[in-house]
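This is what each chain is made of:
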Amino acid sequence: KVGITGKYGTRYGASLRKIVKKYEIQQRSRYGCGFCGKDSIRRLAGGIWKCTSKTCGKTIAGGCWQLATGAAVTAKTSIGRLRKAQGQES
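Here's a quick rundown of the structure. (Residues numbered from 1 in each chain as written. Predicted model: local features only at pLDDT ≥ 70, side-chain atom pairs only at ≥ 80, totals over all residues. Heavy atoms only, no water.)

Turning our eyes to something else, we now look at the pairing of strand β1 (residues 41-45). One ladder, built from 4 bridges, connects β1 with strand β2 (residues 48-51); its direction is antiparallel. Across the sheet, R43 pairs through a bridge with W49, a residue of β2. (Pairing = 2+ DSSP bridges. Helix = DSSP H or I, 4+ residues; strand = E, 2+ residues; numbered from the N terminus.)

Shown next, in the form of C-alpha cells:
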C-alpha cells in the first residue's frame with residue numbers, strides 16, 4: 001500500500017507521502033530510448049537522463065522527474081503539426 005514511500009514511516013502526513021510516491025515512481029522507472037529503441041533510459045540527476053544500453057549510452061536532457069514534461073510534449077506536437085501544415089502549403 002505505501003510502496004516506495006514506506007521509508008518515511010508515519011512522518012510528513014498521508015497526502016504529502018502520496019505526492020512524493022508519484023514523483024519517486026516516475027523518476028525511478030525506465031523510459032524508452034528514441035535512439036536505440038530499448039526501454040533503458042534512467043535518471044542520473046535532475047533533468048539528466050542516460051540510456052544504459054551497452055550499444056547506445058546517449059545522455060539526454062529532459063524533465064526533472066520524468067523524461068518528457070507535459071510542456072515539452074505539447075511543444076513537440078505543435079512543431080510537428082506546423083511543419084506538416086507548412087509542407088502541405090508548398
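Now, onward.
Summed over all chains, the structure comprises 2 salt bridges. For the salt bridge of E24 with K7, the shortest nitrogen-to-oxygen distance reads 3.3 Å. Note that E24 is positioned in helix α1 (residues 14-28) and K7 in the segment before α1, a separation of 17 residues in sequence. According to the relative accessible area criterion, E24 is buried, its value standing at 9%. The closest approach of N and O atoms between R28 and E24, which form a salt bridge, is 3.8 Å. Highlighted residues: R28 and E24, both in helix α1, separated by 4 residues, approximately one helical turn. Look at the salt bridges and you will find they share partners, linking K7, E24 and R28 into a network. (Salt bridge = Lys/Arg side-chain N within 4 Å of Asp/Glu carboxyl O. Buried < 20%, exposed > 50% of the residue type's maximum accessible area, 1.4 Å probe, protein only.)

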